[in-house]
Amino acid sequence: MIYIVDNISNYLIYLFIIYFGFKLSPRRNKLFLGASVVIMLVAGVFNAYFDTNSPIIYIFWSVFSISLFFEESLGHLMILSVALMYFTGIVDTFSVMLIQIVLIGGGDADTDITWWMEPAYLLSFLVYLLVYLKLLKKNEVYLNDIEAKYKFALLVQGSIFQMFYNLVFSFFNENHATYGWDAYAVFFISIAGAIYSIFLTLSLAIKNVLSNRQNRELHSFMYMQKQQYDYQLQQSVAIRRFKHDLINHIGVLRELMKQKKTEEAKEYIDIIWNIQDDFDLKIHTGDSFLDVIINYYLYLAVKENIQFVVSGKLNEKLHLEMFDITTLMGNILQNAIEAAAKAAVPKIRVELVENKKEFFIVVSNSVVEKINTKKDFFMTSKKDKANHGFGLKNIVATVEKYHGEYYMESIVENGEALFKVSIAIPREKRYENMYRRR
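Treat the numbers as computed from the prediction; the structure is a model and nothing was measured.

Student: Sorry if this is basic, but what is going on with the sheet that holds strand β5 (residues 416-426) here?
Tutor: Remark on secondary structure: sheet strands pair via backbone hydrogen bonds, oriented parallel or antiparallel. Spatial strand order, β1-β2-β3-β5-β4: five strands in an open sheet with mixed pairing. If you trace the sheet from one side to the other, it starts and ends with β1 (307-311) and β4 (405-413), each paired once. Strand-to-strand twist across the sheet, computed as the mean angle between neighbouring axes with direction ignored, equals 15°. Where β1 meets strand β2 (residues 347-354), five bridges bridge the pair, whose relative direction is parallel. Across the sheet, residue S311 finds its bridge partner in β2, namely E351. Across the sheet, helix α10 (residues 322-340) is in contact with β1, β2, β3 (358-366) and β5; its angle to β3 comes to roughly 20°. Helix α12 (residues 391-401) contacts β4 and β5 of the sheet and is inclined by roughly 135° relative to β4.

This is the structure in structure tokens:
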């Protein structure tokens, strides 16, 4: 029975680490999920029947049960399962040593206690849970985000500690009567230090991920700023050219009027007016900086043959910083254009509403198909997932900075799939009052 319990304990730990640590999704086919559980239980029954804990059986059921449970390439799952077996085996070794020191009395081989593995598994699970809560979930960084060199370093570091403690523990076990509890207390503290050093290595890896993420976000912001600057520069050059030729246009009109060619003069005025109209901002929101951003994306939408409509107007300027307006609206509209361009009927709608307490910005865009916002909310469809997928997170972070609220949903309107982003941001006075109360 103890072998079956051991298998179940290991199995649940593997599922926890892969699902919460690596964010892999379980298979939808229940037949595969059932087969995963059956293989694990059959291996436990086999071990119990023959009273053995064969490493080959352990490797077999671990690899196959993980490969059947999760949706991922078989090669990646096999490598992941082997690495997990190795690393969890290291942590289990530390946990077993701690349990034997505290509960059994310093690794006494003559003890008849056989249940020490169960509390050891529980102790190991608490370590993984602490890593998840204090490092991964807190920083929104997961094990699949960490560079391979840090994962390898964790395995090597753990291996060195395990070899050292195996030798020391074996020596203590053989010379149990020679040493008092002070020696085992030092051994206890050193194992705790080994686990803590693994935490430090993982923390360093996470800081590296956060630093790279911040650099990519800054690069993305600078890229958006450069694109908007290039657009404004292009408009400025066109205006200078028009002004340069204006005297010639006036001369032509003067000559036409001299010759009393009124109709020709009217037509020429219309031509000049239409040229001048191209230089003006087509959309006026009530915020000059927001005008620049929205008109830039209108320009991109026209190039992509995307219908771009803006309704509503703000009566006063937004109190958001320039960086935050660019981050917020730049990411929303960039994502909207990328998604709408793939739809059968590409269109984007921006709605601006305000009341006494809040500003509302609602952006809807057509998509190829309805999105599962609960599952795919922060997922990117781009192949380079390490360098993309931050747009929506940056939107959320900006809204939360100003104590606003957001709601994102995928809907079907008039038979068309749309993705809709709704944002409410308190007015400046209300925002300041909320900040003071905090």
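Student: Explain the side chain of S62 to me, please; I cannot follow it from the model alone.
Tutor: Inspection of the secondary structure puts S62 in helix α3 (residues 55-69). Look past the residues within four positions of S62 in its chain and what remains in contact with it is Y14, S81 and M85.

Student: Just to check I follow, could you spell out the packing of helix α2 (residues 30-50) against α3 for this structure?
Tutor: Two quantities define a packed helix pair, namely the angle between the helix axes and the distance between the axes. At a minimum axis distance of 7 Å, the contact between α2 and α3 shows a crossing angle of 170°. The pairing of α2 with α3 is recorded here as roughly antiparallel in orientation. Crossing of α2 over α3 shows left-handed handedness. In this structure, α2 contributes F32, L33, A35, S36, I39, M40, A43, F46 and N47 to the contact, and α3 contributes I57, F60, W61, F64, S65, L68 and F69. Of the residues belonging to the contact of α2 with α3, the class tally is 13 nonpolar, three polar and no charged.

Student: Mind showing me how you'd approach α3 here?
Tutor: Because each turn of an α-helix spans 3.6 residues, side chains separated by three or four positions in sequence point in the same direction. In this model, α3 (15 residues) spans 21 Å end to end at C-alpha, consistent with the 21 Å of a helix rising 1.5 Å per residue. Listing the buried residues of α3 in full gives W61, S62, V63, S65, I66, S67, L68 and F69.

Student: I would appreciate a short explanation of a negative patch on the surface in the present structure.
Tutor: There is a patch of like negative charges on the surface, built from E263, E264, E267 and D270. Note that E263 resides in helix α8 (residues 262-279).

Student: Is there a simple way to explain the environment of M322 in this structure?
Tutor: Within the element layout of this structure, M322 appears in helix α10. Under the relative-accessibility criterion, M322 is labelled partly exposed at 49%. Along the primary structure M322 and L290 are separated by 32 residues, whereas in three dimensions their C-alpha atoms are 9.0 Å apart.

Conventions and cut-offs
- Residues numbered from 1 in each chain as written.
- Predicted model: local features only at pLDDT ≥ 70, side-chain atom pairs only at ≥ 80, totals over all residues.
- Heavy atoms only, no water.
- Pairing = 2+ DSSP bridges.
- Helix = DSSP H or I, 4+ residues; strand = E, 2+ residues; numbered from the N terminus.
- Axes fitted to C-alpha atoms, helices over the stretch in contact; angles between N-to-C directions.
- Contact = heavy atoms within 4.5 Å.
- Parallel < 35°, antiparallel > 145°, perpendicular 65-115°, else oblique.
- Left-handed = near helix turned anticlockwise from the far one by under 90°.
- Nonpolar A, V, L, I, M, F, W, Y, C, P; charged D, E, K, R; others polar.
- Expected span 1.5 Å × (residues − 1).
- Buried < 20%, exposed > 50% of the residue type's maximum accessible area, 1.4 Å probe, protein only.
- Patch = residues over 30% accessible without salt bridge, like charges linked within 9 Å, V, L, I, M, F, W, Y side chains within 5 Å.
- Areas by Shrake-Rupley, 256 points an atom, 1.4 Å probe, with all protein chains shown as cover.
- Salt bridge = Lys/Arg side-chain N within 4 Å of Asp/Glu carboxyl O.
- Lys, Arg positive; Asp, Glu negative; His and termini not counted.
- Charge placed at Lys NZ, Arg CZ, Asp CG, Glu CD.

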